[in-house]
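For reference, the chains in residue letters:
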Amino acid sequence: MIESFRNIYAIPDLRKRVIFTFALLAVYRVGAFIPIPGVDPLALQEFFEATRGTVLGFLNLFSGGALGRMTIFALGIMPYISASIILQLLTVVWPYLEKLSKEGELGRRKITQWTRYGTVVLSVIQSLGISFFLERQTAAGGAPLVPEDLQGWGFRLLTVLTLTTGTAFVMWLGEQISERGIGNGISLIIFAGIVVGLPAAIFNTLTSIKTGAMSILTVVLLIVFMVLVVAAIVYMERAQRRIPIQYAKRVVGRRVYGGQSTYLPLRLNTGGVIPVIFAASIMSFPQTLGQMFENRWLQRITEALAWGEPLYNLVYFSSIIFFCYFYTSIIFNPEDTAENMRKYGGFIPGIRPGKRSAEFIDKILTRITLVGSIYLALVAILPEILIAGFKVATIPVVGPSLDAVLPKWFTQGLGVPFYFGGTSLLIVVGVAMDTVQQIESQLVMRHYDGFMRRGRIRGRRG
């Protein structure tokens, strides 16, 4: 491992990319401590201490604590992700966007430009909702988050300008990392926002052990549980279904081409952590609307979709499965794959080339995507249920009776403080694997040993 890090810094281009990535992530962390004007920091801290375990605490984790401090990067990268979701959904139903997506680099640039515009629009909407939310809220001691003499459209417009500019800057940082750094910039920004709180979580755990709030046995069980979950994630992320492909012999001039046997690797989880990020972004949108408008029906929907509620868990679980299929259909086209195989004389043994091969690949992809999507959804939601429980009492009609029958550990959770939830753990492990894979490919390309000497990390996207 030490030799691998030495090899990274022995390659000038790779060294520059790694240093550039760390430098921009450091800029992002500095911006996460610059507060927006007009908010009482002490009252804000008291308010967010009381909202732990809610959707606000969940979003605060994704922003690296920027939302809890209400800094210029409070919105983080979530508006960009939401805009990407909207554009990709429109690509399926709008022929013009579908045509653009197939025009190569020029079409990709056009869609990226529209995504940026959508990011700005969503940032304006969400930041305006946050300004209304801040004006209405008070801390536990009764102090308003925004002093009454500062409330009004002046504060709202300043908040919109500050947060929208911060999101645009974070978006630019992510694009620069992807282009001139190493790894996916957007994913690395989310990764940095999550892992930055790990030292504080370790310190709080040690403090809990000293004060007797947690036993050493509980901590050991937590560590074992986390190791098992990480091992399961790594195993499932590397799992693939290999479809054998045979290439027929072709005679071109005096040379004979083909006659080789290979395989088509289909990832069990083709979409990676993208479906989880998409689903988390979508689930935060109703909360934004509930902050902006004081409507009775909207408030009921917002309460039903609050973090930890049964409807929230159900919608979140279903959204992950939907986005797994949706994102897989965007990045992998069985018809194009089968057509390319046919052009180069390749075929699946026992399957006719062309349409039959496309149907066979699509059938296998549909089956393994179902397994991969259920795995993603379970890892994302089970730790939250174990920590906070499944609140069946809020289910209409049958809720109270179920709450009386089911065990307390299921309905109220184990009550164990665990920093990484399922969603966070998926993102951290997935992004780490992607980044290590890219670094290793750079090392192998330059004839250096990678991080894994006995076997290379297989690509998570096939």
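Quick caveat: nothing in here was measured; it's all calculated off a predicted structure.

### Thoughts on the packing of helix 2 (residues 12-31) against helix 9 (residues 153-180)
Reasoning step 1: Closest axis-to-axis distance for the helix 2/helix 9 pair is 9 Å, and the angle between their directions is 170°. The orientation of helix 2 with respect to helix 9, classified from their angle, is roughly antiparallel. Contact residues: Arg17, Phe20, Thr21, Leu24, Leu25, Val27 and Tyr28 in helix 2; Phe169, Val170, Leu173, Gln176, Ile177, Glu179 and Arg180 in helix 9.
Reasoning step 2: Counted by class, the contact of helix 2 with helix 9 contains nine nonpolar, two polar and three charged residues.

### Concerning the packing of helix 6 (residues 78-93) against helix 8 (residues 105-136)
Reasoning step 1: As a packed pair, helix 6 and helix 8 sit with axes 8 Å apart at the nearest point and diverge in direction by 125°. With respect to helix 8, the element helix 6 is oriented oblique. The way helix 6 lies across helix 8 gives a crossing that is right-handed. Contacts between helix 6 and helix 8 pair Pro79, Tyr80, Ser82, Ala83, Ser84, Ile86 and Leu87 from the former with Ile111, Trp114, Thr115, Gly118, Thr119, Leu122, Ser123 and Gln126 from the latter.
Reasoning step 2: For the contact of helix 6 with helix 8, a count of residues per class yields eight nonpolar, seven polar and no charged.

### Considerations on the packing of aromatic side chains
Reasoning step 1: For the structure on display, the rule yields eleven aromatic pairs.
Reasoning step 2: An aromatic cluster is built from Tyr28, Phe73, Phe169 and Trp172, whose rings are joined through pairwise contacts.
Reasoning step 3: The residue whose ring lies beneath Arg69 is Phe33, and the NZ or CZ to ring-centre distance is 4.1 Å.
Reasoning step 4: The ring of Trp153 is capped by Arg156, whose NZ or CZ atom sits 4.8 Å from the centre of that ring.

### Overview of the pattern of salt bridges
Reasoning step 1: A full pass over the atoms with the stated rule returns five salt bridges.
Reasoning step 2: The partner of Arg156 in a salt bridge is Glu135, and the shortest N-O contact between them spans 2.9 Å. With Arg156 in helix 9 and Glu135 in helix 8, the pair connects residues that are 21 residues apart, well separated along the chain. Here Arg156 matches Glu135 in class, with each residue buried.
Reasoning step 3: We note a salt bridge from Arg342 to Glu339, for which the minimum N-O separation is 2.4 Å. Within this pair, Arg342 and its partner Glu339 are both found in helix 16 (residues 334-343), separated by three residues, close to a single helical turn.

The rules behind these values
- Positions within a chain are numbered from 1, following the residues in the order the chain's sequence is written.
- Totals for whole chains, interfaces and linings use every residue, but because this is a predicted model, local features are given only for residues with pLDDT of at least 70 and side-chain atom pairs only at 80 or more, for both listing and counting.
- The side-chain numbers reported here are obtained from all heavy atoms of the structure, hydrogens and water having been left aside.
- To get an axis, fit a line to the C-alpha atoms, keeping to the stretch in contact for a helix; angles then go from 0 to 180 degrees between the N-to-C directions.
- In DSSP terms, a helix is any run of H or I states spanning at least four residues, a strand is any run of E spanning at least two, and both are numbered starting from the N terminus.
- In this scheme, roughly parallel covers angles under 35 degrees and roughly antiparallel covers those over 145, while 65 to 115 is roughly perpendicular and the rest are oblique.
- Residues count as neighbours in contact if any of their non-hydrogen atoms are within 4.5 Å of one another.
- Amino acids are sorted into nonpolar (Ala, Val, Leu, Ile, Met, Phe, Trp, Tyr, Cys and Pro), charged (Asp, Glu, Lys and Arg) and polar (every other residue, Gly among them).
- What makes a crossing left-handed is the near helix being turned counterclockwise from the far one by less than a right angle; a clockwise turn instead makes it right-handed.
- Between rings of Phe, Tyr and Trp, where Trp is taken as its six-membered ring, a pair exists when centres lie within 6.5 Å; planes separated by under 30 degrees are stacked, by over 60 edge-to-face, and by other angles tilted.
- Only lysine NZ and arginine CZ atoms are considered, and such an atom sits over a ring when it is within 6 Å of the ring centre and within 35 degrees of the ring normal.
- Just to be clear on terms, a salt bridge is a Lys or Arg side-chain nitrogen sitting within 4 Å of an Asp or Glu carboxyl oxygen.
- When accessible area is computed with a 1.4 Å probe and restricted to protein chains, residues below 20% of their type maximum are described as buried, those above 50% as exposed, and intermediate ones as partly exposed.

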